[in-house]
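Structural overview
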Amino acid sequence: MSAINSILERLSDGQAHSLRELEALPGMEATVLAASLDTLAAWSVEIERVGDRVRWRSPRPLLSEAAIRSHFGAGCPEVDLRLSVDSTNQRLRERFAHGRVCLAEHQSAGRGRRGRVWASPAFANLYLSVGWRFSGGLEGLSGLSLAVGLAAAEALQSFCEPPIGVKWPNDLYVEGRKLGGVLVETVARGDDLNVVAGLGVNVLMEQASPEVDQPWTTLARHGGERDRNRIAAALLRALTSLFRAAPAGIATLLETAWPTRDLSLGRAVTVFTEEGRSEGIGSGIDEQGRLLVATAGGTRRFQVGDVSLRLA
Ligand code: BTN
């Protein structure tokens, strides 16, 4: 166990503990303790210092591989659980293995879609990525990134009272506020497609950093589950089942679940592309996951990529 894990476990009762007590933890020394407290401060973890005592203001249970495995049950994939990484997607891309999962308590360079930053405060949310190799060509995989968002929404619904909607291609929303996002990155290798599917879900976050420029929400705010290990296991189950069932399972999921969660269906939308903007009414998706928009000049199809969608 890392020094930071042992310190936070000791502070998880929300009580003040003396530095001397923390220094006595197995494997701890004054210099390691000081460096660990500096790291936690740099990650904006609210550790209050009063004299020689410290207290974690908003203590939370940590992610645990054993807990995730036990909630997942039989067939749990290989889990690489890190305290901090640049990005779980990046780590998996560098150490790609079929079925490998990477989870982190904190990301120093979390990535969003379209080159954006994904703010990743420590010990508050879920940041997870799954690596999967699809063999035998790209046939039937074009809707994959939408299906990942949809599978995540379905899995999270049991932890959230209001309905979770999906904004094309794969943003998760509750009551007009963003709950989570998906970043699917692919590398083609001959007939194989190596996929890293990354998912960020807001669970316990109480305040967002200044770079978050849109309304956001968390599962905890909606009467939902607070146990991140349980939620992580449910998400991993949903994603690995989806991948195992591909490509037929992707088509089935999109056909059955997309219309019920599609936030743009029947609504006025504006689509921004490199060529400009188009306005119309959201009209669902086609079999390849392209967005259909009824415009004055007829129905237009938009491919996932450098396209952004705004709902009226
Ligand atoms: C978006 O809505 O823009 C997509 C956000 C995806 C964030 C997740 S967090 C885990 C994984 N690692 C990353 O760097 N990004 C994804």
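Remember, it's a predicted structure, so these values are computed and weren't measured experimentally. (Residues numbered from 1 in each chain as written. Predicted model: local features only at pLDDT ≥ 70, side-chain atom pairs only at ≥ 80, totals over all residues. Heavy atoms only, no water.)

**Comments concerning the sheet that holds strand β2 (residues 47-50)**
Under the convention used in this document: For two strands to count as paired, DSSP must find a minimum of two bridges between them. A run of H or I in DSSP counts as a helix once it spans at least four residues, and a run of E counts as a strand once it spans at least two, with each numbered from the N terminus. Only heavy atoms enter the contact rule, under which two residues are in contact if any of them lie within 4.5 Å. Interaxial angle, 0 to 180 degrees, is taken between N-to-C directions of lines fitted to C-alpha atoms, where a helix line uses only the stretch in contact.
The antiparallel open sheet is built from three strands, whose spatial order is β1-β3-β2. Strand pairing shows two members of the sheet lacking a second neighbour, β1 (17-18) and β2, which therefore form its edges. Each of β1, β2 and β3 (53-56) touches helix α1 (residues 3-11); the most contacted strand, β3, lies at about 85° to it.

**Details of the site of the ligand**
For clarity, the threshold we go by: The near set for a molecule or strand comprises every residue that places at least one heavy atom within 4 Å of it. Pairs of N or O atoms are called polar contacts if they sit within 3.5 Å, as long as, within protein, a hydrogen donor faces a hydrogen acceptor (for residues adjacent in sequence, only side-chain-to-side-chain pairs). With residues, only the protein chains shown are counted as cover, and all accessible areas are computed by Shrake-Rupley using a 1.4 Å probe. Each residue is assigned to one of three groups, with Ala, Val, Leu, Ile, Met, Phe, Trp, Tyr, Cys and Pro labelled nonpolar, Asp, Glu, Lys and Arg labelled charged, and all others, Gly among them, labelled polar.
Neighbouring the ligand are 20 residues; Ser-87, Gln-107, Arg-111, Arg-113 and Lys-178 lie closest to it. Within the side chain of Thr-88, an N or O atom sits 3.1 Å from a nitrogen atom of the ligand. Interatomic distance of 2.7 Å between a side-chain N/O atom of Lys-178 and an oxygen atom of the ligand. Its free accessible area being 410 Å², the ligand has 98% of it covered by the protein chains. Among the elements of the structure, α5 (88-94), β6 (126-134), β9 (177-189) and β10 (192-201) are those that each provide at least two residues to the shell around the ligand. Here the element with the most residues in the shell around the ligand is β9; it accounts for four residues. Class assignment for the residues of the shell around the ligand results in six nonpolar, ten polar and four charged.

**A closer look at the packing of aromatic side chains**
Spelled out, the test is: Planes of paired rings set the category: under 30 degrees apart is stacked, over 60 is edge-to-face and the rest tilted, where pairs are Phe, Tyr or Trp rings (Trp by its six-membered ring) whose centres lie within 6.5 Å. Think of it in three bands: with a 1.4 Å probe and only protein chains considered, a residue is buried below 20% of the maximum accessible area for its type, exposed above 50%, and partly exposed in between.
Scanning all chains against the criterion turns up four aromatic pairs. The interplanar angle of 70° and the centroid separation of 5.9 Å between the aromatic rings of Trp-56 and Phe-123 together place this pair among those described as edge-to-face. Of this pair, Trp-56 sits in strand β3 while Phe-123 sits in the loop between β5 (101-107) and β6, and the two are 67 residues apart along the sequence. Phe-123 sits in the buried class, given a relative accessible area of 1%.

**What about the domain arrangement of the chain?**
Note the cut-off: Domain borders in the structure are assigned automatically or taken from a domain database.
We note that the domain assignment places domain 1 (3-56), domain 2 (65-261) and domain 3 (268-311) within the chain. Between the C-alpha centres of domain 1 and domain 3 there is a distance of 51 Å.

**What to know about the nonpolar core**
Going by this rule: Take the buried residues of types Ala, Val, Leu, Ile, Met, Phe, Trp, Tyr and Cys, join any two whose side-chain atoms come within 4.5 Å, and each joined set is a nonpolar core.
Core analysis: the biggest nonpolar cluster contains 63 residues, and Leu-103, Leu-156, Leu-235 and Phe-243 have the highest contact counts within it. Taken together, domain 2 (65-261) and domain 3 (268-311) each give at least three residues to this core, which thus spans both. Among all residues touching Leu-235, those that are not within four sequence positions of it are Leu-126, Leu-128, Ala-152, Ala-155, Leu-156, Leu-199 and Val-201. Membership of the second largest hydrophobic core comes to 18 residues, among which are Leu-19, Leu-22, Leu-40 and Leu-62.

**A few points about helix α7 (residues 228-245)**
Worth spelling out the cut-off: Helix span is expected to be 1.5 Å times the residue number reduced by one.
The end-to-end C-alpha distance of α7 is 26 Å, a good match for the 26 Å that 18 residues give at a rise of 1.5 Å each. Between the side-chain oxygen at the start of α7 and the backbone nitrogen of Asn-229 there is a gap of 2.9 Å, and the oxygen is on Asp-227.

**Let's talk about the side chain of His-222**
Assignment of secondary structure puts His-222 in the loop between β10 and α7. Look past the residues within four positions of His-222 in its chain and what remains in contact with it is Cys-160, Glu-161, Pro-162, Val-174, Glu-175 and Thr-217.

**Regarding the environment of Ala-251**
Tracing the sequence through the fold places Ala-251 in helix α8 (residues 248-261). Sequence separation of Ala-251 and Leu-144 is 107 residues, and the distance between their C-alpha atoms is 9.0 Å.

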